[in-house]
Amino acid sequence: MKLIEGGVCAAKGFKANGIHCGIREGKIKKDLTMIFSEVPANAAGVYTTNLVKGAPITVTKKHLENGIAQAVICNSGNANTCNADGIEIAEKMSSLAADALGIRSEDMIVASTGVIGQPLNIAPIAKGMAELVAGLNENGSDDAVAGIMTTDTKPKQIAVEFEIDGVICHIGGIAKGSGMIHPNMATMLVFITTDAALSAELLQKAISGDVQDTFNMLSIDGDTSTNDTCVIMANGMAGNKLIDSEGPAFSEFMKALNTVNVNLCRMMAADGEGATKMLECSVCGAQDIRTAKAVAKSVVCSSLLKAAMFGADANWGRVLCAIGYSGADLDVSRIDVSFRSDAGIVDVCRNGSGIDFSEETAKKVLSRNEIDILVELNSGDASSTAWGCDLTYDYVKINGDYRT
């Protein structure tokens, strides 16, 4: 397995594009994205657990009931959520895109991201559709990811080449996510494509299972969004034998999928709104996976800890505090904590109590842009990892006038 270029277009048969159509007046950024497979693909998705859901999710779920999709249409700048005509607009987006592509409207995946509660004007989308479709190309991942970004400051895309039964396959993805990110399933849009051949049923099992260890372990600010969508399309153009049951071939695919999703998680955590540091909490020695996940999530979600990381303050007591209210059943007297970065490692807690350490060394370790928080529970063999970021002044600035 190796990382390759191409993002969402790395897999055979996929093209993409992103344009500025003018959804938000006065803005010039790209705001409309399309991903297209030359042939119908098996598809599956996972969505927000928020009871308030964007209209595109309702439409996409309906379209994917048969496990088939051929294209994605997505806009940024407006979430199309909590609007009386939301379903109508989402369906119209779908039909406009399908007509332009010459495919069935039911084979469209629809997504939106942006401001909640403002009507989405279909006119700029309709006006830009011909340009969007005409520009579809095999090198279009950069434009596609630009078209789904909102407060993101960096594009997020990744692709992997791997082998199944002697056949070279590819999987790639693009994502947006910077704020309103919190389990479950982490606020974002993620579009994944692969030329491997998998049944729709197994594809659903794959994405539903992997998000438990990736996107469900990501938190920026504790707010679960209304439009979270993670979809995957597998068009089978690599030519491998159809994977329709678990076994070695499925395991290889899962490794590739996990590689893509973990990398996208890290990118989103590093680009959290106002963030200056990416945090990764690794929990080891838990009595079971549930305990490990609860502890890791609790630590990266702690506002006090996130603020301490912004200030490069080795306030390890905030780690213990977050573990203590995680709901996990554990022995606090066994807990060890360390902080690590490319500047070194500093042990700060042993057996649930503080130990002497150099504040100067700790400051150097915590002043880097990627920080590992290492928690050893010394109670078993289970482990888990969660991702987050520091909490800065700029987070408040960004969200203080997000709508206006």
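Owing to the predicted nature of the structure, the values given are computational and were not obtained by experimental measurement.

Undergrad: Break down the overall build of the protein for me, citing the residues and quoting the values.
TA: In terms of helices and strands, the protein carries 11 helices and 15 strands. In terms of overall size, the protein behaves like a compact globule, its C-alpha atoms giving a radius of gyration of 22 Å where 404 residues would be expected to give roughly 22 Å. Projecting the C-alpha coordinates of the protein onto the three principal axes gives extents of approximately 70 × 55 × 35 Å. Counting over 404 residues, the protein shows a buried share of 55%. Averaging the positions of the 34 positive and the 49 negative side-chain charges in the protein gives two centres separated by 3 Å.

Undergrad: Kindly report on the packing of aromatic side chains, identifying the contributing residues and their values.
TA: Counted under the stated rule, the structure contains two aromatic pairs. Judged by centre distance (5.2 Å) and plane angle (90 degrees), the ring pair of Phe310 and Tyr393 falls under edge-to-face. With a gap of 83 residues between them, Phe310 in helix α8 (residues 303-310) and Tyr393 in helix α11 (residues 393-400) connect regions that are remote in the sequence. Judged by relative accessible area, which is 26%, Phe310 ranks as partly exposed.

Undergrad: Go over the pattern of salt bridges, please, and point to the residues and values.
TA: Per the counting criterion, the structure on display carries 14 salt bridges. A single network of salt bridges, built from pairs that share partners, joins Asp152, Lys156 and Asp271.

Undergrad: Describe the sheet that holds strand β12 (residues 344-350), naming the residues involved and giving the relevant values.
TA: One open sheet holds the six strands; their spatial order is β13-β12-β11-β14-β10-β15, and the pairing between them is mixed. The open sheet has two free edges, formed respectively by β13 (353-354) and β15 (382-389), since each of these has just one partner strand. Relative to β15, helix α6 (residues 248-270) is tilted by about 40 degrees, and along the sheet it contacts β10 (278-286), β14 (370-376) and β15.

Undergrad: Explain the side chain of Asn235 residue by residue, including any values.
TA: Secondary-structure assignment places Asn235 in the loop between β9 (229-234) and α6. Within the structure, the side chain of Asn235 is placed 2.8 Å from the backbone oxygen of Lys12, a separation counted as a polar contact. One polar contact links Asn235 to Ser37, side chain to side chain, over a distance of 3.4 Å. Excluding its chain neighbours within four sequence positions, the residues that come into contact with Asn235 are Lys12, Gly13, Phe14, Ser37, Val39, Pro40, Ala41, Thr194, Asp195 and Ala196.

Undergrad: Got a sec to walk through helix α4 (residues 141-148)? Specific residues and values, please.
TA: Among all positions of α4, only Ser141, Ala144, Val145, Gly147 and Ile148 are buried. Along the long axis of α4, the arc covered by the buried residues comes to 155 degrees, so they all point the same way.

Undergrad: An account of helix α9 (residues 317-324) is requested, with residue identities and associated values reported.
TA: Buried residues of α9: Val319, Leu320, Ala322 and Ile323, and no others. Viewed along the axis of α9, the buried residues span an arc of 160 degrees, placing them on a single side of the element. Where α9 is buried, its residues meet α7 (289-301), α8, β11 (336-341), β12 and β14.

Undergrad: Lay out the environment of Trp387 in plain terms, naming residues and giving numbers.
TA: Relative to the helices and strands, Trp387 is located in strand β15. Separated by 118 residues in the primary sequence, Trp387 and Ala269 have C-alpha atoms spaced 6.1 Å apart.

Undergrad: Can you lay out the packing of helix α2 (residues 86-101) against helix α3 (residues 122-134) for me, pointing to particular residues and giving the numbers?
TA: For any two helices packed against each other, one specifies the crossing angle of their axes together with the interaxial distance. At a minimum axis separation of 10 Å, α2 and α3 run at an interaxial angle of 25 degrees. As summarised for this structure, α2 and α3 are arranged roughly parallel, according to the angle between their axes. Crossing hand, α2 versus α3: right-handed. Seen from α2, the contacting residues are Ile89, Lys92, Met93, Leu96, Ala97, Ala100 and Leu101; seen from α3, they are Ile122, Ile125, Ala126, Met129 and Val133.

Undergrad: Please set out the environment of Val110 residue by residue, giving values where relevant.
TA: The residue Val110 is located in strand β5 (residues 108-115) in this model. A residue is classified by how much of its surface remains accessible, and Val110, at 1% relative accessible area, is buried. Distance from Val110 to Ser303, taken between C-alpha atoms, is 34 Å for residues 193 residues apart in sequence. Look past the residues within four positions of Val110 in its chain and what remains in contact with it is Pro56, Val59, Thr60, Ile73, Ala90, Met93 and Ser94.

Undergrad: Got a sec to walk through unusual backbone geometry? Specific residues and values, please.
TA: In this model, Cys82 sits at a positive phi of 65 degrees, which is unusual for a non-glycine residue. Among the secondary structure elements, Cys82 is positioned in the loop between β4 (68-78) and α2. Unusually for a residue other than glycine, Asn378 sits at a positive phi of about 55 degrees. On the secondary structure map, Asn378 appears in the loop between β14 and β15. Exposure remark for Asn378: the relative accessible area of 36% places this residue in the partly exposed category.

Basis of the calculations
- Residues numbered from 1 in each chain as written.
- Predicted model: local features only at pLDDT ≥ 70, side-chain atom pairs only at ≥ 80, totals over all residues.
- Heavy atoms only, no water.
- Helix = DSSP H or I, 4+ residues; strand = E, 2+ residues; numbered from the N terminus.
- Rg over C-alpha atoms; globule rule 2.2 N^0.38 Å.
- Buried < 20%, exposed > 50% of the residue type's maximum accessible area, 1.4 Å probe, protein only.
- Lys, Arg positive; Asp, Glu negative; His and termini not counted.
- Charge placed at Lys NZ, Arg CZ, Asp CG, Glu CD.
- Phe/Tyr/Trp six-rings, centres within 6.5 Å; stacked < 30°, edge-to-face > 60°.
- Salt bridge = Lys/Arg side-chain N within 4 Å of Asp/Glu carboxyl O.
- Pairing = 2+ DSSP bridges.
- Contact = heavy atoms within 4.5 Å.
- Axes fitted to C-alpha atoms, helices over the stretch in contact; angles between N-to-C directions.
- Polar contact = N/O pair within 3.5 Å; in protein donor to acceptor, adjacent residues only side chain to side chain.
- Arc of directions from axis to C-beta.
- Parallel < 35°, antiparallel > 145°, perpendicular 65-115°, else oblique.
- Left-handed = near helix turned anticlockwise from the far one by under 90°.

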